[in-house]
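# Structure at a glance
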Amino acid sequence: MVNNQLSTTLQAIQDYAVAYHVPIMENQGIGELIELLKVQQPEKILEIGAAIGFSAIKMTEALPTSTVDTVERDDSRYQKALEFIAQSGFGERIRIFHADALELSLDVLKPEYDAIFIDAAKGQYERFFDKYEALLAKGGIIYCDNMAMHGLSDIPLSEVPRRKRTMIRNLATFKEHMLNDPRYDTELLSSGDGIMICRKK
Ligand SMILES: C[S@@+](CC[C@H](N)C(=O)[O-])C[C@H]1O[C@@H](n2cnc3c(N)ncnc32)[C@H](O)[C@@H]1O
């Protein structure tokens, strides 16, 4: 019964995302992230960029003892995420905050997270990282999605559409910083749309 309700909710989320052009993770990307999380077994997860709750619900489903806190700034997506999270039956394990993650007070969150998943505005990844690493437990991991930017990060900047250049430049700078940051072991995986894994030493 619960599983039926959950799969109905997940299908409804995917249908809604298609109908209203909400960018949620594709099955392959979320599948790969979940495999990584299953190895890590984080107890407390923080997500930046909930959209309508898809990845938060999938992570909660895959990790039965974990809790997820997630942040979404868009009003209608936040409202929809609330509905879907309630429908999924995981309302007790997922908290969603309606806020711009760059403005949210850290005081309302938990003092420490084992895993932080960044999946919000791509041009701002370094700012999210710099803010939220304060909440990362020692040995914890920050996962960043879309590092390949659907192939755009591999082509000369002059061939990238102008409106996306700053975002691509910012992502490349962030990647470089992380690969050279001695406080983290950083790995870039080509899976999905490119996941960067930064483990705090
Ligand atoms: C790619 S979607 C997230 C998809 C979601 N993780 C999933 O797979 O189900 C990115 C979301 O981040 C939100 N976002 C972007 N910048 C944000 C910010 N500064 N604070 C909070 N949310 C933000 C957007 O409104 C958007 O809904």
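Before going into details, it helps to say that this report is about the structure given with it. Since we're looking at a predicted model, the values are computed, not measured.

## Details of the overall build of the protein
Looking only at helices and strands, one finds 6 helices and 7 strands in the protein. Along the protein, helices (α) and strands (β) appear in the sequence α-α-β-α-β-α-β-β-α-β-α-β-β when read from the amino end. Relative to the globule expectation of 17 Å for 201 residues, the C-alpha radius of gyration of the protein, 16 Å, shows essentially globular dimensions. For the protein, the spread of C-alpha atoms along the three principal axes comes to 50 × 40 × 30 Å. Taking all 201 residues of the protein together, 48% fall into the buried category. Contacts in the protein between residues far apart in sequence, at least 24 positions, make up 67% of those at least 6 positions apart. In the structure as shown, the protein presents an accessible area of about 10100 Å², 50% of it carried by carbon and sulfur atoms. Charged side chains in the protein number 23 positive and 30 negative. The centres of these two groups are separated by 3 Å.

## Side note on the site of the ligand
Around the ligand, the structure places 20 residues, and the nearest of them are Met-25, Ser-55, Glu-72, Ala-101 and Asp-119. Between a nitrogen atom of the ligand and a main-chain N or O atom of Ala-101, the distance comes to 2.8 Å. Here the ligand loses 93% of its free accessible area of 600 Å² to cover by the protein chains. Of the residues belonging to the shell around the ligand, the class tally is 11 nonpolar, 2 polar and 7 charged.

## Regarding the packing of helix 5 (residues 125-132) against helix 6 (residues 162-179)
Put simply, helix 5 and helix 6 touch, their axes get as near as 8 Å, and they point 40° apart. On the basis of the axis angle, helix 5 is oblique to helix 6. Contacts between helix 5 and helix 6 involve Tyr-125, Glu-126 and Phe-129 from the first element and Leu-171, Thr-173, Phe-174, His-177 and Met-178 from the second. When its residues are assigned to classes, the contact of helix 5 with helix 6 shows 5 nonpolar, 2 polar and 1 charged.

Reading the values: rules and limits
- Residues numbered from 1 in each chain as written.
- Predicted model: local features only at pLDDT ≥ 70, side-chain atom pairs only at ≥ 80, totals over all residues.
- Heavy atoms only, no water.
- Helix = DSSP H or I, 4+ residues; strand = E, 2+ residues; numbered from the N terminus.
- Rg over C-alpha atoms; globule rule 2.2 N^0.38 Å.
- Buried < 20%, exposed > 50% of the residue type's maximum accessible area, 1.4 Å probe, protein only.
- Contact = heavy atoms within 4.5 Å.
- Areas by Shrake-Rupley, 256 points an atom, 1.4 Å probe, with all protein chains shown as cover.
- Lys, Arg positive; Asp, Glu negative; His and termini not counted.
- Charge placed at Lys NZ, Arg CZ, Asp CG, Glu CD.
- Near = heavy atom within 4 Å.
- Polar contact = N/O pair within 3.5 Å; in protein donor to acceptor, adjacent residues only side chain to side chain.
- Nonpolar A, V, L, I, M, F, W, Y, C, P; charged D, E, K, R; others polar.
- Axes fitted to C-alpha atoms, helices over the stretch in contact; angles between N-to-C directions.
- Parallel < 35°, antiparallel > 145°, perpendicular 65-115°, else oblique.

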